[in-house]
Amino acid sequence: MKTMDLEEIRAHWQNWAVQYGTDLRATTKTSTLKAIEVDAFARAFCPIIEEKGEALKILEIGCGNGQNCLSLSRIFPAASFMGIDFISEMVAAAIKLKVSNQISDDRVVFREGNVLDLDLPKASFDIIFTDRCLINLNSDSLQQQAIKILSGKLKEDGYLLMIENSQSTYGEQNAARESVGLPPRAPAEFNHFFNETTLLPFLPSVGLKLLDIEDFISLHDLVLYVLVPMLNGGQVDYEHPIVEAATKLNIALSSARPSSLGGYGQNRLYRCRKSVNK
Ligand SMILES: C[S@@+](CC[C@H](N)C(=O)[O-])C[C@H]1O[C@@H](n2cnc3c(N)ncnc32)[C@H](O)[C@@H]1O
């Protein structure tokens, strides 16, 4: 399927921001996904806090209406969060949610900005994270440009954590669908999934070391995108009760044994560390 151009992608997100406001639906059709993503980020933050202390400076690029920053700020109350998104309506919704959650101090701030043109000082964050943001840049080279910019905003020994969709595990998921007679799905036209063959070798050139890749959502995605359609005339049903149950089990098993459920999720968590001169 053809990927949209950058202006069409921006229009898509503005449209969802206007339509859905503070609702999670502004950024995903899958509410269970969000619980698993927040759990994955929280688990990834813990060893960094052990190493660097609790008062971390954390940036989310492409923060949407603020769901991640607000949830994670409750789990890590001593950290400070900045969320940036290029859609003003997303930022306005994030601020509204922050106020309704009674988070009134400057510990969580939301601002408008584009990952490709970030007006932030160099080397100023302990953690930068993305969650399905960089896949909205429609080529490998634009994604690499964004990662280079983000690397420049990390302190030495800071961490870049990216939950992004992968062409390779999406391919595995489609192979699982085809093995039981379901047709392959295609990515949304506003997304360009990570091409690991070009992206992973690029990371060291911008001072990033890939620590690991966690497959944190395989069980959930196999149930949602393969098993439920098998029982449901080929249709995905985000509200099916077994998806909720799979979410709980997925979180419990990921916590005990990360990546133990195979590589079938459409998203992966790429954990990188800034490693200048190392
Ligand atoms: C799938 S949503 C995810 C939102 C949020 N990360 C979450 O997980 O709840 C992707 C977000 O990235 C934002 N985005 C896309 N391209 C961007 C860019 N070039 N710069 C900043 N934000 C961008 C969109 O506006 C949208 O809010």
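Please read these numbers as outputs of a predicted model, since none were measured by experiment.

Calculation notes
Residues numbered from 1 in each chain as written. Predicted model: local features only at pLDDT ≥ 70, side-chain atom pairs only at ≥ 80, totals over all residues. Heavy atoms only, no water. Pairing = 2+ DSSP bridges. Helix = DSSP H or I, 4+ residues; strand = E, 2+ residues; numbered from the N terminus. Axes fitted to C-alpha atoms, helices over the stretch in contact; angles between N-to-C directions. Contact = heavy atoms within 4.5 Å. Near = heavy atom within 4 Å. Polar contact = N/O pair within 3.5 Å; in protein donor to acceptor, adjacent residues only side chain to side chain. Areas by Shrake-Rupley, 256 points an atom, 1.4 Å probe, with all protein chains shown as cover. Nonpolar A, V, L, I, M, F, W, Y, C, P; charged D, E, K, R; others polar. Salt bridge = Lys/Arg side-chain N within 4 Å of Asp/Glu carboxyl O. Buried < 20%, exposed > 50% of the residue type's maximum accessible area, 1.4 Å probe, protein only.

A.B. asks: Where do I start with the sheet that holds strand S3 (residues 108-112) in this structure?
C.D. replies: Sheets are built from strands that pair by backbone hydrogen bonding, the pairs being arranged parallel or antiparallel. Spatially, S3-S2-S1-S4-S5-S7-S6 is the arrangement adopted by the 7 strands of the open sheet, whose pairing is mixed. At either end of the open sheet lies a strand with only one pairing partner, and these are S3 and strand S6 (208-214). Across the sheet, the mean angle separating the axes of adjacent strands is 20 degrees when strand polarity is ignored. The strands that helix H2 (residues 31-52) touches are strand S1 (57-61), strand S2 (80-85), strand S4 (125-131), strand S5 (154-165), S6 and strand S7 (267-274); relative to S5, the one it contacts most, it runs at about 165 degrees.

A.B. asks: Is there a simple way to explain the site of the ligand in this structure?
C.D. replies: Near the ligand there are 19 residues, and of these Lys34, Glu60, Gly62, Asp85 and Asn114 occur at the shortest range. Note that a nitrogen atom of the ligand is positioned 3.0 Å from one of the backbone N or O atoms of Asp131. Arg132 is positioned with one of its side-chain polar atoms (N or O) 3.2 Å from an oxygen atom of the ligand. Out of a free accessible area of 600 Å², the ligand has 98% covered by protein chains. Looking at side-chain class alone, the shell around the ligand contains 7 nonpolar, 7 polar and 5 charged residues.

A.B. asks: I tried to follow the pattern of salt bridges on my own but got confused; where do I start?
C.D. replies: Should their charged atoms come close, side chains of opposite charge can pair. According to the stated counting rule, one finds 11 salt bridges in the structure shown. The salt bridge involving Arg273 is made with Glu51; its shortest N-O contact spans 2.4 Å. With Arg273 in strand S7 and Glu51 in helix H2, this pair connects stretches of sequence that are 222 residues apart. We classify Glu51 as partly exposed; its relative accessible area is 42%. Asp126 is paired through a salt bridge with Lys155; the nearest N and O atoms lie 3.2 Å apart. Separated by 29 residues along the polypeptide, Asp126 in strand S4 and Lys155 in strand S5 bring together distant segments of the chain. Its relative accessible area of 8% is what places Asp126 among the buried residues. A single network of salt bridges, built from pairs that share partners, joins Lys34, Glu37, Asp131 and Arg132.

Remember that the coordinates give geometry; whether it matters functionally is a separate question.
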